[in-house]
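Chain residues, written in single-letter form:
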Amino acid sequence: MARYIELHPENPQARNVEKIVERIREGQIGAIPTDSGYAIVCSLGNKDGIERIRQIRQVGERHHFTLLCHDFAQLGKLVIIDNAFFRLIKTLTPGPYTFILKGTKEVPKIMLNPKKSTVGVRIPKHTITQAIVETLGAPLQSSTLILPGESVPMSAGWVVQDELSHALDFIVEGPVVSTEPTSVLDFSTGELVIARAGAGDITQFQ
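Residues numbered from 1 in each chain as written. Predicted model: local features only at pLDDT ≥ 70, side-chain atom pairs only at ≥ 80, totals over all residues. Heavy atoms only, no water.

Novice: Residues and numbers for the overall build of the protein chain, please.
Specialist: From N to C terminus, the protein chain includes six helices and 11 strands. Since a compact globule built from 206 residues should have a radius of gyration of about 17 Å, the 16 Å found for the protein chain is in line with a globular shape. Dimensions along the principal axes, computed over C-alpha positions, put the protein chain at roughly 45 × 35 × 35 Å. Expressed as a percentage of its 206 residues, the buried residues of the protein chain come to 54%. Put simply, of all contacts in the protein chain between residues at least 6 apart along the chain, 67% involve residues at least 24 apart. Surface summary for the protein chain: the accessible area is close to 9900 Å², and the carbon and sulfur share equals 47%. (Helix = DSSP H or I, 4+ residues; strand = E, 2+ residues; numbered from the N terminus. Rg over C-alpha atoms; globule rule 2.2 N^0.38 Å. Buried < 20%, exposed > 50% of the residue type's maximum accessible area, 1.4 Å probe, protein only. Contact = heavy atoms within 4.5 Å. Areas by Shrake-Rupley, 256 points an atom, 1.4 Å probe, with all protein chains shown as cover.)

Novice: Kindly report on helix α2 (residues 47–57), identifying the contributing residues and their values.
Specialist: For α2, the set of buried residues is G49, I50, I53, R54, I56 and R57. For α2, the angular spread of buried residues about the axis comes to 165 degrees, placing them on one side. Counted as exposed and oriented over 90 degrees from the buried face of α2: K47, D48 and Q55. Looking at the buried side of α2, the elements it contacts are β3 (37–43), β8 (140–144) and α6 (157–164). (Arc of directions from axis to C-beta.)

Novice: Provide a residue-level description of unusual backbone geometry, including the pertinent values.
Specialist: The linkage connecting T93 with the following residue, P94, adopts the cis geometry, with an omega of -5 degrees. Within the secondary structure, P94 is located in the loop between α4 (83–91) and β6 (97–103). Backbone geometry at Q58 places phi at a positive 55 degrees, although glycine is not the residue there. Since its relative accessible area comes to 62%, Q58 is described here as exposed. Although it is not a glycine, S117 sits at a positive phi angle of roughly 55 degrees.

Novice: Lay out a positive patch on the surface in plain terms, naming residues and giving numbers.
Specialist: On the surface, R62, K102, K115 and K116 cluster together to form a positively charged patch. Its place among the elements puts R62 in the loop between α2 and β4 (66–68). (Patch = residues over 30% accessible without salt bridge, like charges linked within 9 Å, V, L, I, M, F, W, Y side chains within 5 Å. Salt bridge = Lys/Arg side-chain N within 4 Å of Asp/Glu carboxyl O. Lys, Arg positive; Asp, Glu negative; His and termini not counted. Charge placed at Lys NZ, Arg CZ, Asp CG, Glu CD.)

Novice: A description of the UniProt feature "domain: YrdC-like" (unreviewed entry) in the protein chain should follow, citing residues and the corresponding values.
Specialist: The positions that UniProt labels "domain: YrdC-like" (unreviewed entry) are, in the present scheme, residues 14–200. Helix and strand shares over residues 14–200 are 29% and 25% respectively, and the end C-alpha atoms of the span are 29 Å apart. (UniProt positions renumbered as here; feature names shortened; annotations may be inferred.)

This is how it looks when you write it as structure tokens:
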């Protein structure tokens, strides 16, 4: 049975944030609200956590996991950003965008696409998510919480509790900014490819 933890949407209680971070450091997985629905998260390099997330999402090894970062400086250590796209990516953060880029040596191999050596990274514009990542002091491994057969992320903590309490270790209650998944921009080939249209505005790229 997952632990249900409520956080204030604008001023997350530091004590509860610390409890969440402790659980993450212990190797637990949980659901947290973001600016584009709920996400399932675990600590960086947590192989068991990744496998559990794959089972919940029912996705294979080619599934792109996303690293949730606190700021652009943290993001820049994890991926190789071409100078041509540096400013563009920086202007879109924080926000509901996921960027697919070549990973650096800082990224555990289990997080990389096995054929392309790419990884998804993003900086959420969400107070609760940011509080957790900042307190952790490291990026989170994550996957948008879209149940098998569905196309929209889960968006209410109590619904996550009802449906996935048996599969998760903790669930953080908090509002989401959008019920759409992130817009995914793939820069891994040296060109901008819109891999998925979502919560982030992509009209400027079309």
